[in-house]
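Chain by chain, the residues:
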Amino acid sequence: MRYKDKEPGQIEVLGDRYLLQSRIGSGGMATIYRARDLQMDRDVAVKMLREVYSTDPKFVKRFQREARAASALQHPNIVQVYDYGQTNGNYYIVMELVEGTDLRSYMCSHDVLDVDRAIIIAHDIALGLGAAHRRGIVHRDVKPQNVLIGIDGSIKLTDFGIVSVYKDAHAERLTTSGMTLGTVQYFAPEQAQGEIVGPAADVYALGIVMYEMLTGHTPFDGNSPVVVAMQHIQDQPDPPGQFNPSIPAALEEIILRCLEKMPGARFPDGSQLARALEKLGDAKMGETVSMVHHLKPHRTHWSFASFITTFILLATLLLFGCSAYLAVQLRFIHVPFVTASMTLPSTTAGFIEVPDLRTMSWLKAVATSEKLGFRLVLVGGQPNGVVVDQNPRAHDKAAKDSTIDVKLEILTPKIGLQPQKPT
Ligand SMILES: Nc1ncnc2c1ncn2[C@@H]1O[C@H](COP(=O)(O)OP(=O)(O)OP(=O)(O)O)[C@@H](O)[C@H]1O
Ligand SMILES: [Mg+2]
């Protein structure tokens, strides 16, 4: 039986417990109701999925697994999932009711958000994501409609995981490529290619949300999901500062890092992004503090104490320089395509032979290097091409856990590959 939207005056109690009261809103796959939890005596939101799935055991299993995982998430920036169930084959999720609005409606009524407000919202979403990522849960559908803003000013992310179970089950019905325009605008390149996604895909989506909050539009737009998906994969976003000069350079840098094509080049998860946004706040505080200092008259005579301080500072700098040089040489830190000049003996403990990644696709190259304990960094070219250059070179020795820089190109007969000998 198909679930019908509740008619006015019709009394509906789900699972002998949730009394549906009024309709709050609806999206592509569900209707959200305000309801009364008769057992707990509190107001809740019920998300009623539209289609009947009781006949698809795979869907039921995944739905239950994701719903259980989502209900284990407790964080001030995540809408709490209380319960889930089904009635006549229609699945529903019971969650915390957020009285307020969602970020999509908020942006519609505010045009471009001011920088401080946008940072606070992004930081709260990043914290919520970070909590989920720590538990191995990826949201997969971060977008303004899924960010709820309470009348008390709270920011909460909703629709963790469960929604993508529904969307995957419906993929072929949404569009021929399994994507809707409203969602694909926030898809990371790897998600647009249908790959399994990790926390960095949520970081990318949040980068798009930040971009939109501050410029009034998403970086990639088009009239079909496929066009937008291709833009995510191939095009570089215009720096958001071009559209809004009040965006500080450091914030623009954070947004552009979230929008890196390669997941490994972004902030690895929500917590790291939240930390970067916090530092931005600290820097702003620093600016204010240094301005205050600037306004104060200060004494400038040369004392013994300041001589000692300068000496210690110079010594520290020298030490830091030496360590940095050594670290680059030993490949403990990474400067793209800077080759260490020290040749390492093949017997050096902890050093292993660098694989020949050339002609491999990005995914294959990542798998090959990770198996050996290397991390891959894309430093140029076309993400959907094949590896045409790498550093360190194939068969060199490098420390386990160090990085290999690669450049990818779409191979045409004109782009040949040079044989590589170990350095
Ligand atoms: N827990 C909640 N409390 C209050 N309002 C909510 C809650 N969850 C959702 N809403 C409101 O209901 C609207 C519809 O939500 P819904 O998740 O069904 O659709 P969507 O996110 O716009 O699209 P999609 O179908 O991709 O999920 C939201 O935009 C929001 O305004
Ligand atoms: Mg939603």
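The structure we're discussing is the one just above.
As the structure is a prediction and not an experimental result, all values here were calculated from the model.

What counts and how
- Residues numbered from 1 in each chain as written.
- Chains lettered and ligands numbered in written order.
- Predicted model: local features only at pLDDT ≥ 70, side-chain atom pairs only at ≥ 80, totals over all residues.
- Helix = DSSP H or I, 4+ residues; strand = E, 2+ residues; numbered from the N terminus.
- Buried ≥ 20, exposed ≤ 12 C-beta atoms within 10 Å, placed from the backbone.
- Pairing = 2+ DSSP bridges.
- Contact = placed C-beta atoms within 7 Å.
- Near = placed C-beta within 6 Å.
- Nonpolar A, V, L, I, M, F, W, Y, C, P; charged D, E, K, R; others polar.
- Domains from an automatic or database assignment.
- Core = buried A, V, L, I, M, F, W, Y, C linked by C-beta atoms within 7 Å.
- Axes fitted to C-alpha atoms, helices over the stretch in contact; angles between N-to-C directions.
- Parallel < 35°, antiparallel > 145°, perpendicular 65-115°, else oblique.
- Left-handed = near helix turned anticlockwise from the far one by under 90°.

1. Quick look at the overall build of the protein
- Secondary structure assignment for the protein yields 13 helices and 14 strands.
- Looking at the protein residue by residue over its 423 residues, the buried ones come to 34%.

2. Some words on the pairing of strand β5 (residues 81–87)
- As paired elements, β5 and strand β6 (residues 90–96) share 6 bridges and run antiparallel to each other. Residue Q86 lies in a different strand from β6, and its bridge partner there is Y91.
- If you look at the hairpin formed by β5 and β6, you'll find 2 residues sitting between the two strands, and N88 has a positive phi there, around 50°.

3. Structural notes on the environment of L259
- For L259, the position within the fold is in the loop between α10 (249–258) and α11 (270–295).
- On the neighbour-count criterion, L259 (25 C-beta atoms within 10 Å) is buried.
- Here the alpha-carbon distance between L259 and P219, two residues 40 residues apart in the chain, equals 9.6 Å.
- Dropping the residues within four chain positions of it, L259 is found in contact with Y204, G207, P219 and P237.

4. Focus on the pairing of strand β14 (residues 403–409)
- Direction of pairing for strand β11 (residues 375–381) relative to β14: parallel, over a ladder of 6 bridges. Its bridge partner being in β14, R375 is matched across the sheet by T403.
- The sheet contact formed by strand β12 (residues 386–391) and β14 spans 5 bridges and is antiparallel. If you follow D389 over to β14, its bridge partner there is K407.

5. Thoughts on the site of ligand 1
- Around ligand 1 sit 23 residues, and of these G25, G27, G28, A45 and Q145 come closest.
- With 3 residues, the single largest contributor to the shell around ligand 1 is strand β2 (residues 18–26).
- Of the residues in the shell around ligand 1, the class split is 11 nonpolar, 8 polar and 4 charged.
- Both domains that furnish three or more residues to the shell around ligand 1 are identified here as domain 1 (12–96) and domain 2 (100–284).

6. Considerations on the environment of Y91
- Looking at the element boundaries, Y91 is found in strand β6.
- The buried category is assigned to Y91, around which 26 C-beta atoms lie within 10 Å.
- In this structure the C-alpha to C-alpha distance between Y91 and M48, which are 43 residues apart in sequence, comes to 6.2 Å.

7. Let's talk about the nonpolar core
- Membership of the largest hydrophobic core comes to 74 residues, with the highest contact counts inside it found for L206, M210 and C258.
- If one sorts the elements of this core by residue count, helix α8 (residues 199–215) sits on top with 12 residues.
- Within the second largest apolar cluster, 15 residues are counted, among which are F374, L378, V387 and V406.

8. Regarding the sheet that holds strand β9 (residues 155–157)
- Reading across the sheet, the 3 strands line up as β7-β8-β9 and stay open at both edges, with antiparallel pairing between neighbours. Pairing within the sheet leaves two strands with one partner each, and these edge strands are β7 (100–102) and β9. Direction aside, neighbouring strands of the sheet carry axes that sit 25° apart on average.
- In the sheet, strand β8 (residues 147–150) pairs with β9 via 3 bridges, with the strands oriented antiparallel. Counted as the bridge partner of L148 is K156 from β9.
- Packed onto the sheet, helix α3 (residues 115–134) meets β8 and β9 and runs at close to 40° relative to β9.

9. Observations concerning the packing of α3 against α8
- With their axes 10 Å apart at the nearest point, α3 and α8 run at an angle of 165° to one another. Comparing the axis directions of α3 and α8 gives the class roughly antiparallel. As for the relative orientation of α3 and α8, their crossing is right-handed in sense. Taken together, the residues of α8 that come into contact with α3 (itself represented by V115, A118, I121, A122, I125, A126, L129 and H133) are P199, D202, L206, M210, M213 and L214.
- Of the residues assigned to the contact of α3 with α8, the class counts are 12 nonpolar, 1 polar and 1 charged.

10. Structural notes on the environment of W362
- Within the secondary structure, W362 sits in helix α13 (residues 362–372).
- The exposure class of W362 is buried, given the 23 C-beta atoms found within 10 Å.
- Between the alpha carbons of W362 and V386 there is a distance of 6.6 Å; along the sequence they are 24 residues apart.
- Those residues in contact with W362 that lie beyond four places of it in its chain are L378, P383 and L408.

11. Some words on the sheet that holds β11
- Read from one edge of the open sheet, 3 strands run β11-β14-β12, paired in mixed fashion. Here the strands that pair on one side only, and so sit at the sheet edges, are β11 and β12. Strand after strand, the sheet turns through a mean of 35° between neighbouring axes, direction not considered.
- Along the sheet face, α13 touches β11, β12 and β14 and points at about 150° away from the line of β11.

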